[in-house]
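# Observations on the three-dimensional arrangement
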Amino acid sequence: MTSRPRPAHSSPALERPERAPDGGRRETVGLVGAGRAGSAVALALAAAGHPVVAVTTRSPLGRERAAAMFPDARIGAVPQVAPWLRAAEVLLVAVPDDAIAPVTAELVAADAVRAEQILAHLSGRHGLGVLAAGASVGAVRVALHPIMTLPDAVRNPDAFAGVSFGITADPGAEARARGLVADVGGVPLLIEDGRRDLYHAALVLGGNFLTSLTVAARETLAAAGVADPGVALAPLLRASLDNALTGGWPAATGPVRRGDLGTVRAHLRALDAVDPAVADVYRALMAYTTGGAGAGRPARCARGRPTARGCGRPHGGRER
């Protein structure tokens, strides 16, 4: 789909955002990259009164989807919609992490970025450095990362209610970033620029790898003959997550915490026979748990492998 042309007598630079009923200013939004996260955030902003005026994506299919979600926006490639991207007061660069810097440079080259415009990306890892090309023309930079998993396209305007957003902002832009987050019902969470890697690593540990552990548990339970492992696991996993979030290490339970070495040894034999990769995950988590939870006898095996004699050799060969 190509950009819908503007009448010749109309200039986007002369258009001004509407005023909210309370007199507050509605900032217009331009979206670069209409994937799951970008579309979800832009839709939530639109529902909060921030009109999406322009959307650019690289694929024809992406443009069709964007046109369905943002019927009043100009849709097209960067050169086609650059004037409307430039006119937007908030420009969201919602592209993969490694593409943020080159896409920002492309936008600047196309004259789609201007002074005093909020130039924001949605990456968890990156801070302000990847938006340097925008800063060179006077845009104010913001890293605006929703701490929420978005496995599917989200069209619920309340999708971010109560969700924390990791914010890193140029001086003078923090208040505007906080306002945008508050408008979608989110909770601002200020992150220092130099700590974004650590911040994002924590979220991957808790969010992405929680999925990995759940899938491993489901598949292992299925291998044990359980017809619907998801139903069987759901109450346990939800209770464990709630307890861990509120109680930390004291909430830990199970054979590793109790020091039941015979049970741990039996688990490892069974897992080695079915899926050695999952067995290695079990060993790594056992080592971490014994160190953090102050567990019993298996704590002595945190750097080795349980054997019939108690602890085996360091990680490197599989128990036979």
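Description of the structure in this document.

Now for the overall build of the chain. Along its length, the chain carries eleven helices and eight strands. The buried share of the chain, reckoned over its 320 residues, is 39%. Long-range pairs, those at least 24 residues apart, make up 57% of the contacts in the chain between residues at least 6 apart in sequence.

Here strand 4 (residues 90-93) shows no split at all, with V90 and L92 on one side and L91 and V93 on the other all buried. Direction of pairing for strand 1 (residues 29-32) relative to strand 4: parallel, over a ladder of four bridges. When the bridges of strand 4 are listed, V29 appears paired with V90. Of the crossover connections in this fold, the one passing from strand 4 over helix 4 (residues 100-109) to the parallel strand 5 (residues 118-121) is right-handed.

Now for the pattern of salt bridges. It is possible for side chains of opposite charge to pair when their charged atoms get near one another. Summed over all chains, the structure comprises ten salt bridges. The closest approach of N and O atoms between R195 and E192, which form a salt bridge, is 3.7 Å. E192 shares its class with R195; the two are exposed. Between D272 and R283 there is a salt bridge, with its nearest N and O atoms 2.8 Å apart. Here the residue D272 occupies a position in helix 10 (residues 261-274), and R283 occupies one in helix 11 (residues 276-293), the gap between them amounting to eleven residues. Take R283: its relative accessible area is 5%, and that puts it in the buried class. Linked by salt bridges that have partners in common, D272, D280 and R283 make up one network.

This part is about the nonpolar core. Grouped together as the largest cluster of nonpolar side chains are 35 residues, with contacts concentrated most on V55, F70, L92, L144, F160 and F165. A per-element tally of this core places helix 1 (residues 36-47) first, with six residues. In contact with L92, other than residues within four places in its own chain, are V29, G30, L31, V32, V41, L45, A120 and L122. In this structure, V81, W84, V93 and V113 belong to the second largest nonpolar core, which totals 19 residues.

All right, on to the packing of helix 7 (residues 196-223) against helix 8 (residues 229-247) then. The geometry of helix 7 relative to helix 8 is characterised by a closest axis approach of 9 Å and an angle of 130 degrees between their N-to-C directions. As judged from the angle between their axes, helix 7 and helix 8 are oblique. The handedness of the crossing between helix 7 and helix 8 is right-handed. For the pair formed by helix 7 and helix 8, the contact residues are T214, A217, R218, L221 and A222 on the first element and P229, G230, A232, L233 and L237 on the second. Partitioned by chemical class, the residues of the contact of helix 7 with helix 8 number seven nonpolar, two polar and one charged.

Right, let's get into the packing of aromatic side chains. Evaluated as defined, the whole model comprises two aromatic pairs. Plain terms: the ring middles of W249 and Y288 are 5.5 Å apart, the flat faces sit at 50 degrees to each other, and that makes the pair tilted. Note that W249 is positioned in the loop between helix 8 and helix 9 (255-258) and Y288 in helix 11, a separation of 39 residues in sequence. Take W249: its relative accessible area is 34%, and that puts it in the partly exposed class.

The next subject is a nonpolar patch on the surface. Together, L210, L241 and L245 line one region of the surface with nonpolar side chains, adding up to about 290 Å² of accessible area. Tracing the backbone shows L245 in helix 8.

Cut-off values and rules
Residues numbered from 1 in each chain as written. Predicted model: local features only at pLDDT ≥ 70, side-chain atom pairs only at ≥ 80, totals over all residues. Heavy atoms only, no water. Helix = DSSP H or I, 4+ residues; strand = E, 2+ residues; numbered from the N terminus. Buried < 20%, exposed > 50% of the residue type's maximum accessible area, 1.4 Å probe, protein only. Contact = heavy atoms within 4.5 Å. Pairing = 2+ DSSP bridges. Right-handed = clockwise from strand over helix to strand, strands pointing away. Salt bridge = Lys/Arg side-chain N within 4 Å of Asp/Glu carboxyl O. Core = buried A, V, L, I, M, F, W, Y, C linked by side-chain atoms within 4.5 Å. Axes fitted to C-alpha atoms, helices over the stretch in contact; angles between N-to-C directions. Parallel < 35°, antiparallel > 145°, perpendicular 65-115°, else oblique. Left-handed = near helix turned anticlockwise from the far one by under 90°. Nonpolar A, V, L, I, M, F, W, Y, C, P; charged D, E, K, R; others polar. Phe/Tyr/Trp six-rings, centres within 6.5 Å; stacked < 30°, edge-to-face > 60°. Patch = residues over 30% accessible without salt bridge, like charges linked within 9 Å, V, L, I, M, F, W, Y side chains within 5 Å. Areas by Shrake-Rupley, 256 points an atom, 1.4 Å probe, with all protein chains shown as cover.

Without other data, these values stay purely geometric and don't point to any function.
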